[in-house]
Amino acid sequence: MRFQPLKVTDIRPTTRDAVVVTLDAPFDWVQGQYLTFRRSFDGTEIRRSYSICAAPGEPCQVAIKRVEGGAFSTWANESLAPGDTLDVMPPMGRFHTPLAPDAATRYLLITAGSGITPILSIARTVLAAEPKAQVTVLYANRAVNSIMFQTELDDLKSQHLTRLQIVHVLKQDAQQIPLFTGRLDADKLDALFAQWIDPDTIDRAFICGPEGLMETARARLEAHGVNPAEIHVELFGSTQPGRLPQSARSDAPQPPTRATIRLDGVPHEITMERDQSLLDAARANALDAPFACKAGVCSTCMCRVVEGEVEMIQNHALDDDEVSRGYVLSCQSYPLTDSVVVDYDTGH
Ligand SMILES: Cc1cc2nc3c(=O)[nH]c(=O)nc-3n(C[C@H](O)[C@H](O)[C@H](O)COP(=O)(O)OP(=O)(O)OC[C@H]3O[C@@H](n4cnc5c(N)ncnc54)[C@H](O)[C@@H]3O)c2cc1C
């Protein structure tokens with residue numbers, strides 16, 4: 001769970017505003033997982049997550065798209081060079097399902113922009129490991145020149161001509177088939193499901209991209225009869241960063257909570273305020289609890305509540321089953337009881 005310095009062995013552009021970074025990584029990963037990087041800018045440490053675009057066993061690569069005014073992505077696009085080292089946490093994330101070599105699963109992978117990174121890893125992996133799988137990638141971009149990994153997608157298509165279908169939906173550029181031009185919104189998805197992709201043939205879907213696309217695509221898939229348990233999502237950014245008011249919080253001053261925090265096999269007893277998140281309390285007590293986005297978007301800080309109750313005010317990362325088993329995002333979770341016991345060791 002700790003950061004380690006990894007050497008950048010290669011860095012090259014994939015579009016005008018995105019680079020692919022190859023790392024000399026000592027670990028393996030599961031398709032769809034992400035890495036978290038740490039770097040200080042003018043004395044302020046920031047952590048950013050980037051999905052691995054390679055399949056397990058290939059050289060470890062991430063792709064970083066420049067965000068206008070963004071600290072890490074601009075630095076990576078402008079200044080990062082081969083030979084540099086990056087502080088990296090081991091791979092994390094649960095945007096994947098177990099591989100089943102005998103299954104004939106039909107996958108629909110929906111994405112936009114830089115959301116292609118985990119989708120490419122998933123497509124490469126399932127096509128190689130599940131010889132009967134069929135994969136459709138639905139990839140939205142502004143224009144042809146903003147398509148990341150165009151060459152890699154074309155290569156994958158020529159390797160798996162009969163099992164891979166790639167549909168590019170471009171907002172600006174006209175295409176031969178008018179259905180493929182425009183915004184990938186609810187109407188476009190419905191039109192694609194009516195004319196191009198039969199929703200009855202979708203066994204499993206993965207969606208990665210901005211929140212709007214993710215929610216719309218999930219809703220349209222469910223409306224077209226895809227089993228909600230087979231719709232998997234990964235969110236790259238939250239449109240609601242920061243804290244929401246705690247519904248269960250009373251106005252009367254609450255006594256501090258006694259918290260036991262298990263980390264690396266060791267229980268630590270601390271006292272924390274009710275308006276402190278579990279993560280902030282752990283770190284204020286010099287415990288090296290893992291975290292990255294601090295906005296409830298990634299799952300780096302997840303832990304399990306073993307005793308007591310907490311309120312999680314934002315969750316874009318854990319599914320209902322995980323929440324019902326007591327998992328929470330510690331950056332978004334506040335104690336409701338006089339004592340709580342949480343365990344980071346069963347979180348990953
Ligand atoms: C699980 C996961 C996987 C991801 N995978 C990828 C990936 O594979 N590829 C990829 O490119 N991205 C990925 N992301 C997104 C990535 O982590 C970063 O969020 C993204 O690169 C932006 O980071 P940044 O430091 O460049 O921008 P930031 O500095 O965080 O800025 C983001 C935006 O906020 C604005 N902003 C910053 N500070 C302020 C301020 N004080 N006031 C107002 N506005 C401000 C900036 O102008 C910019 O528009 C992923 C995210 C997650 C959670």
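Everything quoted here is computed from the prediction, not taken from an experiment.

A. Looking closely at the overall build of the protein chain. Across its full length, the protein chain carries seven helices and 18 strands. For a compact globule of 348 residues, the expected C-alpha radius of gyration is about 20 Å, and the protein chain comes in at 21 Å, within 12% of that figure. A principal-axis box enclosing the C-alpha atoms of the protein chain has dimensions of 65 × 50 × 40 Å. The buried share of the protein chain, taken over its 348 residues, is 51%. Partitioning the intrachain contacts of the protein chain with sequence separation of at least 6 by distance along the chain shows that 68% fall at a separation of at least 24. Of the accessible surface of the protein chain, which amounts to about 15600 Å², a share of 48% is contributed by carbon and sulfur atoms. Both charge centroids of the protein chain, one from 32 positive and one from 45 negative side chains, sit 3 Å from each other.

B. Spatial organisation of the confidence of the model for the protein chain. Per-residue confidence for the protein chain gives a mean pLDDT of 92; residues scoring 70 or more make up 95%. The low-confidence segment residues 239-251, where pLDDT is below 50, has 20 contacts with residues more than four positions distant or belonging to other chains.

C. Structural context of helix H5 (residues 211-223). Relative to the 18 Å expected for 13 residues at 1.5 Å per residue, H5 spans 18 Å between its end C-alpha atoms, a close match to the ideal helical length. All buried positions along H5 are accounted for by Glu-211, Leu-213, Met-214, Ala-217 and Leu-221. Within H5, the buried residues cover an arc of 165° as seen down the axis, which keeps them to one side. The inward-facing, buried residues of H5 abut strand S7 (106-112), helix H4 (186-195), strand S10 (204-209) and strand S11 (231-235). Of the residues flanking the end of H5, it is Gly-225, one or two places downstream, whose phi is positive at about 90°.

D. Layout of the site of the ligand. Taken together, 21 residues are adjacent to the ligand, and Arg-48, Ser-49, Tyr-50, Ser-73 and Thr-117 come closest. Between the ligand and the protein, one listed contact pairs an oxygen atom with a side-chain N or O atom of Arg-48 at 2.6 Å. Measuring from an oxygen atom of the ligand, one finds a backbone N or O atom of Glu-68 at 2.9 Å. About the coverage of the ligand: the protein hides 63% of its 980 Å² of free accessible area. The class makeup of the residues in the shell around the ligand is 10 nonpolar, seven polar and four charged.

E. Region of interest: the sheet that holds S7. An order of S9-S8-S7-S10-S11 is seen for the five strands of this open sheet, with the pairing classed as parallel. In this open sheet, the two strands that pair with only one neighbour each are strand S9 (164-170) and S11. For this sheet, the mean angle separating the axes of adjacent strands, direction not counted, is 10°. When strand S8 (residues 134-141) meets S9, the two strands line up parallel, connected through seven bridges. Among the inter-strand pairings, Thr-136 is bridged to a residue of S9, identified as Gln-165. Sheet contacts for helix H2 (residues 116-129): S7, S8, S9 and S10; angle to S7, the most-contacted strand, approximately 160°.

F. Examining the state of the cysteines more closely. A full pass over the atoms with the stated rule returns zero disulfides. Here Cys-53 stays free of any disulfide, with the sulfur of Cys-60 as its closest cysteine sulfur at 8.2 Å. Unpaired in this structure, Cys-331 has its nearest cysteine sulfur neighbour in Cys-301, at a distance of 3.9 Å.

G. Structural detail: the nonpolar core. Core analysis: the largest hydrophobic core is formed by 27 residues, its most contacted members being Leu-109, Ile-116, Ile-119, Val-135, Val-137 and Phe-149. Elements with a contribution of two residues or more to this core: strand S2 (18-23), S7, H2, S8, helix H3 (150-159), S9 and S10. If you count residues domain by domain, this core takes at least three from each of domain 1 (4-90) and domain 2 (106-235). Discounting residues that sit within four places of it in the chain, Val-135 has contacts with Tyr-107, Leu-109, Ala-123, Val-126, Leu-127, Arg-163, Leu-164 and Gln-165. Membership of the second largest hydrophobic core comes to 26 residues, among which are Leu-108, Val-167, Leu-192 and Val-297.

H. Structural context of the pairing of strand S13 (residues 266-272). Pairing of strand S12 (residues 257-263) with S13 involves seven bridges; the strand directions are antiparallel. Paired with Thr-260 across the two strands is Glu-269, which belongs to S13.

I. Structural context of unusual backbone geometry. Residues other than glycine seldom take positive phi values, yet Ala-286 does so here, at roughly 65°. Within the secondary structure, Ala-286 sits in the loop between helix H6 (278-284) and strand S14 (302-307). Positive phi outside glycine occurs at Lys-294, with the angle close to 55°. Tracing the chain through its elements places Lys-294 in the loop between H6 and S14.

J. Layout of the packing of H2 against H3. The contact between H2 and H3 brings their axes to 12 Å, and the two run at 20°. The orientation of H2 with respect to H3, classified from their angle, is roughly parallel. Crossing hand, H2 versus H3: left-handed. Of the residues in H3, those in contact with Ile-116, Leu-120, Ala-123, Arg-124 and Leu-127 of H2 are Glu-152, Leu-153 and Leu-156. Among the residues making up the contact of H2 with H3, the classes are represented as six nonpolar, no polar and two charged.

Thresholds applied
Residues numbered from 1 in each chain as written. Predicted model: local features only at pLDDT ≥ 70, side-chain atom pairs only at ≥ 80, totals over all residues. Heavy atoms only, no water. Helix = DSSP H or I, 4+ residues; strand = E, 2+ residues; numbered from the N terminus. Rg over C-alpha atoms; globule rule 2.2 N^0.38 Å. Buried < 20%, exposed > 50% of the residue type's maximum accessible area, 1.4 Å probe, protein only. Contact = heavy atoms within 4.5 Å. Areas by Shrake-Rupley, 256 points an atom, 1.4 Å probe, with all protein chains shown as cover. Lys, Arg positive; Asp, Glu negative; His and termini not counted. Charge placed at Lys NZ, Arg CZ, Asp CG, Glu CD. pLDDT = per-residue confidence, 0-100. Expected span 1.5 Å × (residues − 1). Arc of directions from axis to C-beta. Near = heavy atom within 4 Å. Polar contact = N/O pair within 3.5 Å; in protein donor to acceptor, adjacent residues only side chain to side chain. Nonpolar A, V, L, I, M, F, W, Y, C, P; charged D, E, K, R; others polar. Pairing = 2+ DSSP bridges. Axes fitted to C-alpha atoms, helices over the stretch in contact; angles between N-to-C directions. Disulfide = S-S within 2.5 Å. Core = buried A, V, L, I, M, F, W, Y, C linked by side-chain atoms within 4.5 Å. Domains from an automatic or database assignment. Parallel < 35°, antiparallel > 145°, perpendicular 65-115°, else oblique. Left-handed = near helix turned anticlockwise from the far one by under 90°.

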